[in-house]
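Next come the chains, spelled out residue by residue.
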Amino acid sequence: MSEAGYLPYKEQTRHYFDRPDEGPLNDILDVPAAWYGRELSKTDDWIVHFTDEDIAEIEAAFDVAMQSGKETRDLLPSDFPLPNLSRKMDVWREEIKTGRGFQVLRGIPVEKWSQEKAETFFWCFGLHLGRPGGQNQSGDLLGHVTDLGGEKAEDVLSRLYKTAANIDYHCDGADVVGLLCLKKAKSGGRSRIVSSVTVFNELMKERPDLAARLFEPVKLDIRNENSKAGRKYIEVTPCKYGRGTLHTFYHADYFRSVQRHEEVPPFTREEQEMFDLYETIAAKPDLLMDMDLEPGDIQLLSNHTNLHARTEYEDHEDAAKKRHLLRLWLSLMD
């Protein structure tokens, strides 16, 4: 295990896929993570507002971090002390891990901060919540979700978050994905989430045979992430069940694009039906929930019990106003 405050990409991926496995789940699962968007959208109890005291504690922590003389990626939780806020984080962590599976926090004053200060805060916030980790083979630790424009076709294929295009449902290779909104788009760009537990339950009701197929391996296009090894795809198991929890890894684009490789056989009828019906269920308005994140909002989402997507957006012409979010991948260590 890495001695740094963060996990290298491979260690984080290994931790994420080390899911308890007691065999296929043969019935619907009645747990808090099995939520319906139509119900949650009637309330706002999944939103927590930072208090003036919280912000004051964060501002004081910046002074300690500055005195440490460390680079941001070398900071440890003790270099950014949040004694009171950390207790709230314990509650949010448990909500993400064993409860609803997501939490939205509101009120970080990013409009008053430089981008560098926002990056330092979000990194250190992640250190208190879990262990940040690499988001790709290059070792990037803090992602910038913004439309860069003019990308090469192969880069766009593997990194849609660098564009303004729609991004289909997927999970990332970490326990939690966190987003901090710095600037929002002129229009669109909503964060769309759905409970993967609820999607499974609905699939089980309609086609239990296809629900069972989720517990068998499928091919995942790695889109040149490991090109040095000459590998074009790997096999992953979308669902594993153990200790009362259904852990799901689903990536619509990468499951389907594996067909571009000549050596990969066409989907079987069962596989095609499974992908089609799973994604049809996930797109039902009663199940999903759209969030229009505002500057200063933090969204924390379990990659085990939710799928997330993003709607297409139109950006501002002024580069200083363009949509920009910071992204963290976090491991929740036992």
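What you see is a predicted model; the values in this text were computed from it and never measured.

### Comments concerning the overall build of the protein
Helix and strand content of the protein: 10 helices and 17 strands. Computed over C-alpha atoms, the radius of gyration of the protein comes to 20 Å, within 12% of the 20 Å expected from 2.2 N^0.38 for 334 residues, which places it in the range of a compact globule. In terms of principal-axis extent, the alpha carbons of the protein reach across some 60 × 45 × 45 Å. Across the 334 residues that make up the protein, the buried fraction comes to 54%. Of all intrachain contacts in the protein linking residues separated by at least 6 positions in sequence, the fraction that spans at least 24 positions is 81%. For the protein, the exposed surface amounts to about 15,700 Å²; the carbon and sulfur share of it is 48%. Charge-centre separation for the protein: the mean point of 43 positive side chains lies 2 Å from the mean point of 59 negative side chains.

### As for the side chain of Arg323
Within the secondary structure layout, Arg323 lies in the loop between strand E16 (313-314) and strand E17 (324-331). A distance of 3.1 Å separates a polar atom in the side chain of Arg323 from the backbone oxygen of Gly189. Setting aside residues up to four positions removed in sequence, Arg323 forms contacts with Val145, Thr146, Lys183, Lys184, Ala185, Gly189, Arg310, Tyr313 and Asp315.

### Let's talk about the environment of Ile298
Structurally, Ile298 can be placed in strand E14 (residues 298-302). When the C-alpha positions of Ile298 and Leu214 are compared, they lie 31 Å apart, and in sequence the two are 84 residues distant. Discounting residues that sit within four places of it in the chain, Ile298 has contacts with Phe50, Gln103, Val104, Leu105, Ile108, Phe121, Phe122, Phe125, Leu179 and Leu180.

### What about the pattern of salt bridges?
According to the stated counting rule, one finds 26 salt bridges in the structure shown. Note that Glu39 and Arg38 form a salt bridge whose closest N and O atoms lie 3.5 Å from each other. With relative accessibility at 36%, the residue Arg38 sits in the partly exposed group. Residue Lys284 is joined to Glu206 by a salt bridge in which the shortest nitrogen-to-oxygen separation is 3.5 Å. With a gap of 78 residues between them, Lys284 in the loop between helix H10 (269-282) and strand E13 (289-291) and Glu206 in helix H7 (residues 196-206) connect regions that are remote in the sequence.

### Some thoughts on helix H4 (residues 85-98)
In a regular helix each residue adds 1.5 Å, so 14 residues correspond to 20 Å; H4 covers 20 Å between its end C-alpha atoms and thus fits that length. Where H4 is concerned, the buried positions are Leu85, Ser86, Met89, Trp92 and Ile96. Viewed along the axis of H4, the buried residues span an arc of 105 degrees, placing them on a single side of the element. Projecting away from the buried face of H4 at angles above 90 degrees are the exposed residues Arg87 and Val91. Looking at the buried residues of H4, the elements they touch are strand E1 (47-49), helix H3 (52-68), strand E2 (102-106), helix H5 (115-129), strand E6 (176-183) and E14.

### Things to note about H3
Compared with an ideal rise of 1.5 Å per residue, which puts 17 residues at 24 Å, H3 spans 25 Å between its outermost C-alpha atoms and is within 8% of the ideal. Considered for burial, the residues of H3 that qualify are Asp54, Ile55, Glu57, Ile58, Ala61, Phe62 and Ala65. Looking straight down H3, one finds its buried side chains confined to an arc of 155 degrees; they lie on one side. Along H3, the residues that are exposed and aim more than 90 degrees away from the buried face are Asp52, Glu53, Met66 and Gln67. Buried residues along H3 sit against E1, H4 and H5. Following H3 by one or two positions, Gly69 has its phi on the positive side, about 70 degrees.

### A word on the pairing of E2
Taken across its 5 residues, E2 has 4 buried, putting it largely inside the fold. Where E1 lies against E2, 3 bridges are found, and the strand directions are parallel. Within E2, the residue paired with Ile47 across the bridge is Val104. Bridge count between E2 and E14: 4 bridges; the pairing is antiparallel.

### A short note on the sheet that holds strand E15 (residues 306-310)
Spatially, 4 strands are ordered E5-E15-E8-E13 in an open sheet, and the strand pairing comes out antiparallel. Only two strands of the sheet have a single partner each, and these edge strands are strand E5 (167-170) and E13. Taking the axes of each pair of neighbouring strands and ignoring which way they run, one obtains an average angle of 20 degrees across the sheet.

### Some thoughts on the environment of Lys219
Relative to the helices and strands, Lys219 resides in strand E9 (residues 218-221). With relative accessibility at 25%, the residue Lys219 sits in the partly exposed group. When residues no more than four places from it in sequence are discounted, the contact partners of Lys219 are Tyr233, Ile234, Glu235, Tyr254, Phe255, Val258 and Val264.

### Regarding the packing of aromatic side chains
Geometry of an aromatic ring pair is reported as the spacing of the ring centres plus the angle between the planes. Summed over all chains, the structure comprises 19 aromatic pairs. Here Tyr16 and Phe17 contribute two aromatic rings whose centre-to-centre distance is 4.9 Å and whose plane-to-plane angle is 75 degrees, an arrangement assigned as edge-to-face. Pairing Trp35 with Phe102 gives two aromatic rings, centres 5.4 Å apart and planes at 65 degrees, and the pair type is edge-to-face. You can see Trp35 sitting in the loop between helix H1 (9-17) and helix H2 (37-40) and its partner Phe102 sitting in strand E2, a full 67 residues away along the chain. In this pair, the class of Trp35 matches that of Phe102, namely buried. Within the aromatic cluster, the residues linked to one another by ring pairs are Tyr16, Phe17, Phe249, Tyr250, Phe255, Phe267, Phe275 and Tyr278. A cation over an aromatic ring shows up here: Lys117 above the ring of Phe62, its NZ or CZ 4.7 Å from the ring centre. Between the NZ or CZ atom of Arg223 and the centre of the ring of Tyr254, over which it lies, the distance is 4.1 Å.

Cut-offs applied
- Residues numbered from 1 in each chain as written.
- Predicted model: local features only at pLDDT ≥ 70, side-chain atom pairs only at ≥ 80, totals over all residues.
- Heavy atoms only, no water.
- Helix = DSSP H or I, 4+ residues; strand = E, 2+ residues; numbered from the N terminus.
- Rg over C-alpha atoms; globule rule 2.2 N^0.38 Å.
- Buried < 20%, exposed > 50% of the residue type's maximum accessible area, 1.4 Å probe, protein only.
- Contact = heavy atoms within 4.5 Å.
- Areas by Shrake-Rupley, 256 points an atom, 1.4 Å probe, with all protein chains shown as cover.
- Lys, Arg positive; Asp, Glu negative; His and termini not counted.
- Charge placed at Lys NZ, Arg CZ, Asp CG, Glu CD.
- Polar contact = N/O pair within 3.5 Å; in protein donor to acceptor, adjacent residues only side chain to side chain.
- Salt bridge = Lys/Arg side-chain N within 4 Å of Asp/Glu carboxyl O.
- Expected span 1.5 Å × (residues − 1).
- Arc of directions from axis to C-beta.
- Pairing = 2+ DSSP bridges.
- Axes fitted to C-alpha atoms, helices over the stretch in contact; angles between N-to-C directions.
- Phe/Tyr/Trp six-rings, centres within 6.5 Å; stacked < 30°, edge-to-face > 60°.
- Lys NZ or Arg CZ within 6 Å of the ring centre and 35° of its normal.

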